Amino acid sequence: MLFMLTENVTEVLEETLSDDVVSPGVLMQYLQNSLPTVLDFIVKVIIAIIVLIVGRFVIKALRKLIRRLMEKTKWDEGVKQFFDKLIFVAMWCLLILLILGRFGITAASVVAIIGSAGLSIGLGLQGALSNFAGGVLILMLHPFKVGDYIKDSKGNEGTVTQIELFYTELHTIDNNLVVIPNGDLANDSLINYTHEEKRRIDLEISVSYHADLREARQVLTDVAMAEEKRLPDEELTVYVSELGEHAVKLGLRVWTAAEDYWPTKWRLTENIKNALDDAGIEIPFPQVTVSYDDTRVK
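Note that this is a predicted model, so its numbers are computed, not measured.

Caption draft 1: View of the packing of aromatic side chains. Taken as a whole and judged by the stated rule, the model has 5 aromatic pairs. Measuring from ring centre to ring centre gives 6.3 Å for Phe 132 and Phe 166, while their planes differ by 50°; the resulting arrangement is tilted. Taken together, the residues span a long stretch of sequence, with Phe 132 in helix H6 (residues 126–141) and Phe 166 in the loop between strand E2 (157–163) and strand E3 (167–171) at a distance of 34 residues. A relative accessible area of 35% means that Phe 166 is categorised as partly exposed. When the centroid spacing of 6.0 Å and the interplanar angle of 55° are considered together, the rings of Tyr 149 and Tyr 193 count as tilted. Here the residue Tyr 149 occupies a position in strand E1 (residues 149–152), and Tyr 193 occupies one in the loop between strand E5 (190–192) and strand E6 (198–207), the gap between them amounting to 44 residues. What makes Tyr 193 partly exposed here is its relative accessible area of 23%. We note Arg 63 situated over the ring of Phe 88; from NZ or CZ to the ring centre the distance is 4.4 Å. Positioned above the aromatic ring of Tyr 261 is the side chain of Arg 199, whose terminal nitrogen or guanidinium carbon lies 3.6 Å from the ring centre.

Put into structure tokens, the structure is as follows:
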């Protein structure tokens, strides 16, 4: 088949090319020598495409199998996500090396190329490697896990939904997605609001200097005692925190479960306001009194 194809090409070129332009014999000899190489390259490309397609299905199946195996373990969800991504990237790297091997490019050649450009590649990957190391530290030290509500030093806060190889995803309460590099989270301070099972609610309420403090403290105590989400085994404290310039400030400390923190705080704030109003205790606020002297108007 290859011989017949070469003969046909030779006949066509001999009819179309003139002797004073290119020697048909030389050109035909070049094509005869190059055609096997070209066909071999085309065959390699076709095989590489087949390997790529099959490899994608194999990676997908293996990844699904590994996920099922990890689901049976007691690993943290963030650890499962991290290793799932790591295994996914590793399998794709192996597939790419396998495809490159079809063209004579070995793993040693790839390492040699990376080594020869080590400085420039190292500088380019410095941030990525730092974030990867940060992800490993997060999984080892467990400052937070998937499902925790955290706040970093830059003011980003939300519920952790994903711990990836290089970054962590937060889902905010107003339905936004925040992506933070793992290196920043591992090397800076952060607050984990849901790490403990319980949290203390601290409220500060101002009352008028004319109010009876004993009655005001009793009102706050009654409201706090009636709160259904209050942890009854924890201490409930009502105290005078400050004698301010225009009001007496009372403090209230109540313990609740971490997941009930915000609803309980909002409910207590509303109930305290209503209870103080019912008791006739004034909550002072800044007022401006404007007087008008009509005797100076002529």
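Caption draft 2: Spatial organisation of the nonpolar core. One finds Leu 203, Ile 205, Val 207, Leu 252, Ile 272 and Ile 281 to be the most contacted residues of the largest nonpolar core, which totals 21 residues. Among the secondary structure elements, those contributing two or more residues to this core are E6, helix H8 (213–226), strand E8 (248–257) and helix H9 (261–278). If near-sequence neighbours (up to four positions away) are discounted, Ile 205 is found in contact with Leu 220, Val 248, Lys 249, Leu 250, Leu 252, Ile 272 and Leu 276. Among the nonpolar cores identified, the runner-up in size contains 13 residues, and Val 79, Phe 82, Ile 138 and Ile 150 belong to it.

Caption draft 3: Quick look at the sheet that holds E6. A sheet is described by the order of its strands in space; here 3 strands give the open sequence E6-E8-E7, paired in antiparallel fashion. Each edge of the open sheet carries a strand with a single partner, namely E6 and strand E7 (237–243). Put simply, the sheet's adjacent strands are angled 25° from each other on average, direction ignored. Both E6 and E8 contribute to a ladder of 10 bridges, which runs antiparallel. Residue pairing in the sheet places Lys 198 in a bridge with Ala 257 of E8. Running at roughly 15° to E8, H8 makes contact with E6, E7 and E8 of the sheet. Of the strands in this sheet, E6 and E8 touch H9, which is tilted by about 25° from E6.

Caption draft 4: The pattern of salt bridges, seen in detail. As enumerated under the stated definition, the model contains 11 salt bridges in all. Here Asp 212 makes a salt bridge to Arg 214, at a shortest N to O gap of 4.0 Å.

Caption draft 5: Structural context of the confidence of the model for the chain. A residue-level look at the chain finds 73% of positions with pLDDT of 70 or above and a mean pLDDT of 79. Mean pLDDT across the elements of the chain ranges from a minimum in helix H1 (residues 2–16), with 49, to a maximum in E8, with 94. Note that pLDDT drops below 50 for residues 1–6; the model gives that stretch 6 contacts with residues more than four away or on any other chain.

Caption draft 6: Geometry of the sheet that holds E5. Across the sheet, which stays open at both edges, the 5 strands sit in the order E4-E3-E2-E1-E5 with antiparallel pairing between neighbours. A strand with exactly one partner marks an edge of an open sheet, and here the two such strands are strand E4 (177–181) and E5. Averaged over all neighbouring strand pairs, the angle between strand axes comes to 40°, with direction disregarded. Where E3 and E4 come together, 5 bridges link them in antiparallel fashion. The residue of E4 that forms the bridge with His 171 is Leu 177.

Caption draft 7: How the structure looks around the packing of H8 against H9. Their axes nearest at 10 Å, the elements H8 and H9 cross at an angle of 140°. Relative to H9, the element H8 is oriented oblique. Here H8 and H9 pass one another in a crossing that is right-handed. Residues Val 219, Leu 220, Val 223 and Ala 224 of H8 touch H9, and the partners they reach there are Leu 268, Asn 271, Ile 272, Ala 275 and Leu 276. A per-class count over the contact of H8 with H9 returns 8 nonpolar, 1 polar and no charged.

Caption draft 8: Local environment of a nonpolar patch on the surface. Residues Ile 42, Ile 46, Ile 50, Val 54, Val 58, Leu 62, Leu 65 and Leu 69 make up a contiguous nonpolar surface patch of roughly 690 Å² in combined accessible area. Among the residues examined, Ile 42 registers a relative accessible area of 42% and is labelled partly exposed.

Cut-offs applied
- Residues numbered from 1 in each chain as written.
- Predicted model: local features only at pLDDT ≥ 70, side-chain atom pairs only at ≥ 80, totals over all residues.
- Heavy atoms only, no water.
- Phe/Tyr/Trp six-rings, centres within 6.5 Å; stacked < 30°, edge-to-face > 60°.
- Helix = DSSP H or I, 4+ residues; strand = E, 2+ residues; numbered from the N terminus.
- Buried < 20%, exposed > 50% of the residue type's maximum accessible area, 1.4 Å probe, protein only.
- Lys NZ or Arg CZ within 6 Å of the ring centre and 35° of its normal.
- Core = buried A, V, L, I, M, F, W, Y, C linked by side-chain atoms within 4.5 Å.
- Contact = heavy atoms within 4.5 Å.
- Pairing = 2+ DSSP bridges.
- Axes fitted to C-alpha atoms, helices over the stretch in contact; angles between N-to-C directions.
- Salt bridge = Lys/Arg side-chain N within 4 Å of Asp/Glu carboxyl O.
- pLDDT = per-residue confidence, 0-100.
- Parallel < 35°, antiparallel > 145°, perpendicular 65-115°, else oblique.
- Left-handed = near helix turned anticlockwise from the far one by under 90°.
- Nonpolar A, V, L, I, M, F, W, Y, C, P; charged D, E, K, R; others polar.
- Patch = residues over 30% accessible without salt bridge, like charges linked within 9 Å, V, L, I, M, F, W, Y side chains within 5 Å.
- Areas by Shrake-Rupley, 256 points an atom, 1.4 Å probe, with all protein chains shown as cover.

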